[in-house]
Amino acid sequence: MKAEILEYIKEIQETRIEKFKDTAAEVEQFRIKYLGKNGVMNQLFEQFKTVPNEQKKELGQALNQLKTAAQQKIEEFKNYVESKEESAHLHDLTMPTDFSELGSRHVLSVVMNEISEIFSRIGFTVAESVEIEDDWHLFSALNFPPDHPARDMQDTFFVEKEEGKQEVALRTHTSSVQVRVMENNKPPIRIIAPGRVFRNEAISARAHCIFHQVEALYVDKKVTFADLKQTLLYFAKEMFGEQTQIRLRPSYFPFTEPSAEMDISCNICGGKGCNICKGTGWLEILGCGMVDPNVLEACGIDSKQYSGFALGMGVERMAMLKYQIRDLRLYFENDLRFLKQFESII
Ligand code: DAH
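This write-up is about the structure you can find in this document. None of the values given here were measured: they were computed from a predicted structure.

Things to note about the site of the ligand
Of all residues adjacent to the ligand, which total 15 residues, the nearest are H173, S175, R199, Q213 and E215. Between the ligand and H173 there is a distance of 3.1 Å, counted from a nitrogen atom to a side-chain nitrogen or oxygen. Within the backbone of A310, a nitrogen or oxygen atom sits 3.1 Å from an oxygen atom of the ligand. Compared with its free state, where it exposes 350 Å², the ligand has 87% of that area covered by protein. Per-class residue counts for the shell around the ligand are 5 nonpolar, 8 polar and 2 charged.

So this is what it looks like as structure tokens:
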């Protein structure tokens, strides 16, 4: 009887599930064969009852080994079947997927893209440039006088400011891109420059040390203030709606002459006066003007042959007015409750 038991143990240990053709059914057959009611184990146990007492210890141990071997094998089969099922699940490309949350663009990107898109419809292309800029491109070529406050540490983050060396700073405005484009291209030039700018300001609901601007520049023969005005009106209507009106107020920028600031009719109260427009019915939107001939010359463009207009606007302010956002800090805090409100905007 012992030889018979050992033979069965060997048989069990040598059984390979990989050889099964109908795995689930054959695993069950295997179980019935060894551990079923009329299976090998029970039959041997019946025989065991009749063996002489002196053999019982040895045969009992062998029978236990047989039972353990069969149980272990069945356990091994089950694990094998389970892991097969799992990997089949992983590779089943027809299975419905779990719902994954959709991300969305940041509202500032949405607004910047929208501005770029409006200008691209009238022939402007996007120009990008460096965020760490030298004095020439930030100030000198743009006709800033040597003692202009923007050149002061209090307004500008200087990276290098040493006697006798070209000063280097984080750009304070995207107007520096105008200079780079004019230096490297011949008119006609029609670009917009969206990008990040930096100023040494205390962070509050109305100011931040990092923000975004979009600059536009058009240089060609016979560009006039009328072209600027038409472009501004077109932009305001596309951005804030057909009913939008604009007005220009005289202003001053070193790089434009004449210069102006543009207001739009308040899109919240429709011009009647509310707390957003402080009762005036108008909202200040951007700075603009005709490119100063000194700037054209500094960039190697003949100011007798060519003229141009430029404009620059703050993206945070645009988004505030468009979506009635009251606090600038919300843009940078990454609070999902804020960000998710723009989820449906592409
Ligand atoms: N660079 C100006 C600023 O940061 C904005 C600006 C005003 C840009 C007038 C222009 C312009 O191109 O013509 O405040």
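Let's talk about the packing of aromatic side chains
Inspection of every chain in the model, using the stated rule, returns 16 aromatic pairs. Aromatic pair F30 and F77: ring centres 5.1 Å apart, planes at 70°, arrangement edge-to-face. Of this pair, F30 sits in helix α2 (residues 23-35) while F77 sits in helix α4 (residues 53-91), and the two are 47 residues apart along the sequence. Summarising the burial analysis for this pair, F30 and F77 share the class buried. On the basis of an interplanar angle of 65° and a centroid distance of 6.4 Å, the ring pair of F124 and Y218 is categorised as edge-to-face. One end of the pair, F124, is in the loop between α5 (107-120) and β1 (125-126); the other, Y218, is in strand β6 (residues 210-220), and 94 residues separate them in sequence. The same class applies to F124 and to Y218, which are both buried. Ring pairing ties together the aromatic residues Y8, F20, F30, Y34 and F77, which thus form one cluster. Directly above the ring of F48 sits K56, whose terminal nitrogen or CZ lies 5.7 Å from the centroid.

With respect to the packing of helix α8 (residues 225-240) against helix α10 (residues 315-323)
Contact geometry for α8 and α10: axes closest at 11 Å, N-to-C directions at 50°. Judged by the inter-axis angle, α8 sits oblique to α10. Facing F235, M239 and F240 of α8, the residues of α10 in contact are M318, L321 and K322.

Quick word on the sheet that holds strand β9 (residues 282-291)
Reading across the sheet, the 7 strands line up as β1-β5-β6-β10-β9-β8-β7 and stay open at both edges, with mixed pairing between neighbours. Two strands in the sheet have a free side with no partner beyond their single neighbour: β1 and β7 (246-253). Judged from the 10 bridges that link them, strand β5 (residues 189-198) and β6 form a sheet pairing that is antiparallel. Considered in β6, the bridge of I192 is made with A216.

Describing unusual backbone geometry
With omega at 5°, the peptide bond leading from P187 into P188 counts as cis. Summarising the element assignment, P188 is placed in the loop between α7 (175-184) and β5. Residue P258 is reached from E257 by a cis peptide bond, and omega for that bond is -5°. Inspection of the secondary structure assignment puts P258 in strand β8 (residues 256-265). In this structure, Q324 takes a positive phi of about 50° despite not being glycine. Within the element layout of this structure, Q324 appears in the loop between α10 and α11 (330-333). A positive phi angle, close to 55°, is found at N334, a residue other than glycine. Relative to the helices and strands, N334 is located in the loop between α11 and α12 (336-339). Residue classification places N334 among the exposed positions, given a relative accessible area of 53%.

How each quantity is defined
- Residues numbered from 1 in each chain as written.
- Predicted model: local features only at pLDDT ≥ 70, side-chain atom pairs only at ≥ 80, totals over all residues.
- Heavy atoms only, no water.
- Near = heavy atom within 4 Å.
- Polar contact = N/O pair within 3.5 Å; in protein donor to acceptor, adjacent residues only side chain to side chain.
- Areas by Shrake-Rupley, 256 points an atom, 1.4 Å probe, with all protein chains shown as cover.
- Nonpolar A, V, L, I, M, F, W, Y, C, P; charged D, E, K, R; others polar.
- Phe/Tyr/Trp six-rings, centres within 6.5 Å; stacked < 30°, edge-to-face > 60°.
- Helix = DSSP H or I, 4+ residues; strand = E, 2+ residues; numbered from the N terminus.
- Buried < 20%, exposed > 50% of the residue type's maximum accessible area, 1.4 Å probe, protein only.
- Lys NZ or Arg CZ within 6 Å of the ring centre and 35° of its normal.
- Axes fitted to C-alpha atoms, helices over the stretch in contact; angles between N-to-C directions.
- Parallel < 35°, antiparallel > 145°, perpendicular 65-115°, else oblique.
- Contact = heavy atoms within 4.5 Å.
- Pairing = 2+ DSSP bridges.

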